[in-house]
Amino acid sequence: MFETIRRRFQALRPQADFCSLRYVEEDSEQLRVRQGRQQPLARRRDRGAMITVLDGGGYGYAATADLSEAGLRAAFERARGWARATAGRGVFDFRGVKPPSPRGVWQGEASEPSWPRAALLDLLLSESAAAKGDDARVVDWSAGLWRQDVRQLHLTSDGGEVEQRMQALTPSLVVTAFDQGRVQTRSLGGQYGGLGRQGGLELIAESGLRGAGRRVADEAMQLLYAPNCPSGKMDLLLMPEQMMLQIHESIGHPLELDRILGDERNMAGTSFVTPDMFGSYRYGSDLLNVTFDPSLAKELASYGWDDDGQRAEKAWLIRNGILERPLGGAVSAMRARLNGHALDSVANSRASNWNRAPIDRMANLNVEPGDKTFGQLVAGVERGVLMQTNVSWSIDDSRNKFQFGCEWGQLIENGELKGVVRNPNYRGISASFWRSLKAVGDASTFCVMGTPYCGKGEPSQVIRVGHASPACVFGEVDVFGGAA
Amino acid sequence: MMRAHLKTLAAALDGWLREGEGYTLWLQAERTDFIRFNHGKVRQAGRVEQAYLDLRLIKGARQATQQLSLSGGEDDLALLEGALPELRAALEQVEDDPFLLLNERPQSGERVQPHRLPPAESMVADILEAADGHDLVGILACGDMSFGFANHLGQFNWQQGESWNFDWSLYSHGDKAVKRNMAGTAWDAASLRRGVAEAAEQLALLKLPLKTLAPGAYRAYFTPAALGSLLGMLNWGGVSEKEVRSKRSPLLKLVEGEARLSPLVSLEEAGGEGLSPLFQREGFIRPERVELIARGEHRGSLIGPRSAREFGLEPNAGGDEDAESMRLAAGDLPRDEALKALGTGVYLSNLWYLNFSDRSACRITGMTRFACFWVEEGKIVAPLGVMRFDDSLFSLLGEQLEALTAEREWLADPLSYESRATASKLLPGALVKAMRFSL
């Protein structure tokens, strides 16, 4: 299809200052098993293109699945119509933008997709059966595999051309136990696609799905009879399955430059970070090092170029606790510069699909490892709680006051892991929470996580993000349990 | 155009079917102009034309579904035909589905609204004129949406119409803003100008010195929009039969009689009054009304066809079992007297980023947002610094619920994940004796 799209775009000979075409095709399939039964098989074949036009200082786009010459011509006319209709009425004059003219090919971590459907369904049924056993207290149990194969072609009117391909697999397993009015749910890697990575079937083994059914059910049962998480100020050891959410909400979103510039104020929110903070603001303790790394193998949001054609490279956002760079694409960085803030861009202008326009989106956003083993992290805690696997997330409009809950909690007393506690929650304020970071795990505690469900934008978009992190310890955090 | 296209595709499928095979088709299409605004100007403008078709192939008790993005042209016939071998191969590899339930009594129907919207460019011009001099941010989504269903039994359902949704905020400073949502099927520029002018007048209140509250319990008044956030959270499994049966529903304690809500609370799904089509993906026609809670007591849940088959019930909802046209009965507190009835406490215009902090206790956390105020002796005295709450709906809509307003407000969902939302709510405001703020 790429060759056909190339030919038809060339035939357009667009009469505008600049024109690009972003073609996306995705094939996906979801296998799901619930309560020991296969769920309806769901496949998807999606393809379409977005034409973007800059003309006379205005910007417009039009997205269509009609990929005929006439269809693309109509989309171009509509996009140019919007560019001309909004020229001089926009927040930004696009005549100052020189869009990239990228060239290259990028292939993510994957092999040609092999998809032994029957065997995979057997695996899911087997793990599902192991989760249930013959225990009546297991009231809901499910497992799934979701594969995606995304191919993109980006063409520009000045000869730019980029091909990219990403293949991803997201395994899942969730068990709910109920007894005497009490309910607890435990999962493998979270209930929201936390184990999603780029790659092929090898990810099944890496995720630990084989053999997980019994273990996860056992943990759900432990939670059912565990005491409520204690309340009070104490140390908090966050494992990567919760760190990913902490990073996402209280570093990723606040650093998105379009929020800082006010684009998202009506829906997704703004940020406590202001443009003048970059280069000097103490975001966290000296131990905090955060990178934007679209190149990390297998992480869910790895890519070679963003959807505006900017080359994607690793960049340091926070170094030794000091805020250095925002998460803003080239257009956002230029808007900030016009407002007197010389900020460098990173290649994170991304769209969820062919029918949504690119906006600033975190991609792979990672906390770099430190030097403590897991044993040393635990040993350094006199009184605290280990928390793992996010189940509840909420943070204010400016990404500051947050409250997060986890599936799994374990007490830590005098440097030793103790009993399990249920409904572990904690709350804090982003601007001070990261400064309480007191120990960072080493590479042995480092884990690549992600989620395909990051929501943002007007119109709304759900996009894939990756978050890799070591385990980390925070001091004097406000911890509490459920309603008992 | 897509109506005829769906009929063509269905007719082609009829010819391609083999002995013992059946199908359903579900089409969701839109042609939408999306225009984002920031600082009272245009941020991003464009059009999206999309049509997604779900082809479900059925053989005996086996089923598999392929979703396809359609071009609207002749290519779609080849696309559809090409999907059949893949679905047939898939059917060989899946088990019988004991919970497959499809409508076998065809009930065709059509609802097509006339074209009433002006060009999107003129709507944008109206907005820019009304926003002149203001820091307006938000999005206009406008255009045609259509839904269609067809199956091998000859059933054909169609709904089509134009609509617009303008979700916007007028900013005063920092995070202080007045938020509004306007939606409809006919454009009214004069109403828009009035709405922006009224919001601009309210900005003066946001410029008063900020009131910072200490964590604790306070009297509170929820506008319909703020109450909508709480009930939106409840819609995460709270009214689903499947979630009740699997003990994951946040309303489980209400269903099992361990908790009660206030007798003031009567909640229903009123599909007949909403924007979503009454027909659904399995071909069933949803009832005009489903009673969910009556005078504080659980009355019923939304039952998708799979749950209906599994539990021996009649289906009354789509497969997701969430409310699409939620209606909460009005109370008797005149809205004009809400501040007076509140006395001293918090006036909540909007809530934000809610989530369950303890699902089984129906305990919800979230934040105040936009124009929330501190009220003393029935008068607004200060805008509120953002506060986090953490409280149970069994409390807020239970023993703490003092009154609901006599007037209700219709709220259209402005979200557009994958496609424009059609969900809506009709809600009163709510006065509660105590609401717990935690941070």
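Residues numbered from 1 in each chain as written. Chains lettered and ligands numbered in written order. Predicted model: local features only at pLDDT ≥ 70, side-chain atom pairs only at ≥ 80, totals over all residues. Heavy atoms only, no water.

Undergrad: Teacher, can you tell me more about the overall build of chain A here?
TA: Along chain A, the regular secondary structure elements total 10 helices and 24 strands. In terms of C-alpha radius of gyration, chain A reaches 24 Å, essentially the compact-globule figure of 23 Å for 484 residues. Seen along its three principal axes, the alpha-carbon backbone of chain A occupies a region of about 70 × 55 × 35 Å. Expressed as a percentage of its 484 residues, the buried residues of chain A come to 68%. Considering only contacts within chain A whose residues lie at least 6 apart along the sequence, 76% involve residues at least 24 apart. Just so you have it, chain A exposes about 15,600 Å², and 47% of that area is on carbon and sulfur atoms. If you average the places of the 57 positive and of the 58 negative side-chain charges in chain A, the two averages end up 4 Å apart. (Helix = DSSP H or I, 4+ residues; strand = E, 2+ residues; numbered from the N terminus. Rg over C-alpha atoms; globule rule 2.2 N^0.38 Å. Buried < 20%, exposed > 50% of the residue type's maximum accessible area, 1.4 Å probe, protein only. Contact = heavy atoms within 4.5 Å. Areas by Shrake-Rupley, 256 points an atom, 1.4 Å probe, with all protein chains shown as cover. Lys, Arg positive; Asp, Glu negative; His and termini not counted. Charge placed at Lys NZ, Arg CZ, Asp CG, Glu CD.)

Undergrad: Got a minute to help me understand the packing of aromatic side chains in this structure?
TA: Think of a pair of aromatic rings as described by two things: how far the centres are apart, and how the planes are tilted against each other in angle. Residue and element names in this part refer to chain B. One pass over the structure, following the stated rule, counts 29 aromatic pairs over all chains. Geometrically, the ring pair formed by Tyr171 and Phe370 is edge-to-face, given 6.3 Å between the ring centres and 80 degrees between the ring planes. Of the two residues, Tyr171 is situated in strand S6 (residues 156-173) and Phe370 in the loop between strand S15 (363-369) and strand S16 (373-376); the sequence distance between them amounts to 199 residues. The exposure classification of Tyr171 matches that of Phe370, with both residues buried. Seen in terms of ring centroids, Tyr218 and Trp374 are 5.8 Å apart; in terms of plane orientation they differ by 90 degrees. Their pairing is edge-to-face. Placement of the pair is Tyr218 in strand S8 (residues 216-222) and Trp374 in strand S16, with a sequence separation of 156 residues. (Phe/Tyr/Trp six-rings, centres within 6.5 Å; stacked < 30°, edge-to-face > 60°.)

Undergrad: Is there a simple way to think about the environment of A:Asp306 in this case?
TA: Residue and element names in this part refer to chain A. Tracing the sequence through the fold places Asp306 in the loop between strand S11 (290-292) and strand S12 (315-319). For Asp306, a relative accessible area of 3% gives the class buried. Sequence-wise, Asp306 and Val346 are 40 residues apart; in three dimensions their C-alpha atoms are separated by 9.1 Å. Contact partners of Asp306, with chain neighbours within four places excluded, come to Val346, Ala347, Asn348 and Ser349. Engagement of the side chain of Asp306 in a polar contact is seen with the backbone nitrogen of Asn348, the distance being 3.4 Å. (Polar contact = N/O pair within 3.5 Å; in protein donor to acceptor, adjacent residues only side chain to side chain.)

Undergrad: Just checking my understanding: could you explain the interface of chain A and chain B for this structure?
TA: Accessible area lost upon the coming together of the parts serves often as the stated size of an interface. Contact with chain A, which involves 89 residues of that partner, is made by 87 residues of chain B. Both faces combined, the contact of chain A with chain B buries some 7,400 Å², and carbon together with sulfur accounts for 48% of it. Per-residue buried area on chain A facing chain B is highest for A:Trp82, A:Arg265 and A:Asn266; these three make up 11% of the total on that side. Linking chain A to chain B there are 10 salt bridges. A salt bridge links A:Arg44 to B:Glu418; the nearest nitrogen and oxygen atoms lie 4.0 Å apart. For the pair chain A and chain B, the interface holds 59 residue pairs in polar contact (both at pLDDT 80 or more). Top element by residues in the side of chain A that touches chain B is strand S3 (residues 41-55) of chain A. It accounts for 7 residues. Partitioned by chemical class, the residues of the side of chain A that touches chain B number 36 nonpolar, 28 polar and 25 charged. Here S3(A) runs beside strand S3 (residues 62-69) of chain B; their pairing, made up of 5 bridges, is parallel. Looking at S3(B), one finds that A:Arg44 is bridged to B:Gln67. (Buried area = accessible area lost by both parts, 1.4 Å probe. Salt bridge = Lys/Arg side-chain N within 4 Å of Asp/Glu carboxyl O. Nonpolar A, V, L, I, M, F, W, Y, C, P; charged D, E, K, R; others polar. Pairing = 2+ DSSP bridges.)

Undergrad: Quick question: what am I supposed to make of the sheet that holds S12(A) here?
TA: Sheets are built from strands that pair by backbone hydrogen bonding, the pairs being arranged parallel or antiparallel. Residue and element names in this part refer to chain A. The sheet built from 4 strands is open, its strands ordered S13-S12-S11-S16 with antiparallel pairing. This sheet does not close on itself; its edge strands, each paired only once, are strand S13 (322-323) and strand S16 (365-367). Sheet topology places S11 next to S16; 3 bridges connect them, and they run antiparallel. The partner of Thr291 across the bridge, within S16, is Asn366. Contacts from helix H6 (residues 240-255) reach S11, S12, S13 and S16, with the element oriented near 120 degrees to S16. (Axes fitted to C-alpha atoms, helices over the stretch in contact; angles between N-to-C directions.)

Undergrad: Explain the packing of helix H3 (residues 117-132) of chain A against helix H5 (residues 212-225) of chain A here, please?
TA: Think of two packed helices as two axes; the pair is described by the angle between the axes and how far apart they sit. Residues and elements named next belong to chain A. Viewed as axis vectors pointing N to C, H3 and H5 meet at an angle of 30 degrees, and their least axial separation amounts to 7 Å. It follows from the interaxial angle that H3 and H5 lie roughly parallel. Like other packed secondary-structure pairs, H3 and H5 cross with a definite hand, here right-handed. Within the contact between the two elements, H3 uses Glu127, Ala130, Ala131 and Lys132 and H5 uses Ala212, Gly213, Arg214 and Ala217. Class assignment for the residues of the contact of H3 with H5 results in 4 nonpolar, 1 polar and 3 charged. (Parallel < 35°, antiparallel > 145°, perpendicular 65-115°, else oblique. Left-handed = near helix turned anticlockwise from the far one by under 90°.)

Undergrad: Looking at this model, I keep getting lost on the pairing of strand S12 (residues 325-328) of chain B. Mind explaining?
TA: Two faces make up the sheet, and in a regular strand the side chains alternate between them. All names here are of chain B. Every second residue of S12 is oriented toward a common face, with Ser325 and Arg327 on one face and Met326 and Leu328 on the other, all of them buried. Alignment of strand S9 (residues 267-269) against S12, held across 3 bridges, turns out to be antiparallel. Bridging from a neighbouring strand, Leu267 pairs with Leu328 of S12. Pairing between S12 and strand S20 (residues 424-437): 3 bridges, direction parallel. Across the sheet, the residue bridging to Ser325 is Ser424, located in S20.

Undergrad: How do you make sense of the nonpolar core when you look at a structure like this?
TA: A:Leu255, A:Tyr283 and A:Tyr426 are the most contacted members of the largest nonpolar core, which has 66 residues in total. Considering each element in turn, this core owes the most residues, 5 residues, to H6(A). A:Leu120, A:Val138, B:Met2 and B:Leu9 belong to the second largest nonpolar core, which has 58 residues in total. (Core = buried A, V, L, I, M, F, W, Y, C linked by side-chain atoms within 4.5 Å.)

Undergrad: What am I meant to see in a nonpolar patch on the surface here?
TA: A cluster of nonpolar side chains, A:Tyr192, A:Tyr453, A:Val462, B:Trp236 and B:Tyr417, forms an exposed patch at the surface whose accessible area comes to about 450 Å². Structurally, the position occupied by B:Trp236 is in the loop between helix H5 (224-234) and helix H6 (241-245). (Patch = residues over 30% accessible without salt bridge, like charges linked within 9 Å, V, L, I, M, F, W, Y side chains within 5 Å.)

Undergrad: What's the story with H5(A) in this structure? I'm lost.
TA: One turn of the α-helix equals 3.6 residues, which is why residues spaced by three or four share an orientation. All names here are of chain A. Over its 14 residues, H5 runs 20 Å from end to end, which matches the ideal 20 Å to within 8%, given 1.5 Å per residue. Of all the positions in H5, only Ala212, Gly213, Val216, Ala217, Glu219, Ala220, Met221, Leu223 and Leu224 are classed as buried. Looking at the packing, one finds that the buried side of H5 touches H3, strand S6 (138-156), strand S7 (161-179), strand S8 (182-187), strand S18 (401-413) and strand S19 (416-421). (Expected span 1.5 Å × (residues − 1).)

Undergrad: I'm lost on helix H8 (residues 330-338) of chain A in this one. Help?
TA: Looking at H8(A), one finds that the buried residues are A:Val331, A:Ser332, A:Ala333, A:Arg335 and A:Ala336. A positive phi of about 90 degrees marks A:Gly340, the residue just after H8(A).

Undergrad: What should I look at first to understand the pattern of salt bridges in this one?
TA: Side-chain pairing between opposite charges can occur once the charged atoms of the two side chains come close. Inspection of the entire model under this criterion finds 67 salt bridges over all chains. The salt bridge partner of B:Arg56 is B:Glu282, with a shortest N-O separation of 3.4 Å. Note that B:Arg56 is positioned in strand S2 (residues 41-59) and B:Glu282 in the loop between S9 and strand S10 (290-294), a separation of 226 residues in sequence. Here B:Arg56 matches B:Glu282 in class, with each residue buried. Here B:Glu273 makes a salt bridge to B:Arg289, at a shortest N to O gap of 2.2 Å. Of this pair, B:Glu273 sits in the loop between S9 and S10 while B:Arg289 sits in the loop between S9 and S10; the two residues are 16 residues apart in sequence, bridging distant segments of the chain. We classify B:Arg289 as partly exposed; its relative accessible area is 46%. Each of A:Glu25, A:Asp27, A:Glu29, A:Arg43, A:Arg45, A:Arg117, A:Asp149, A:Arg151, A:Arg165 and B:Glu86 takes part in one network of salt bridges that share partners.

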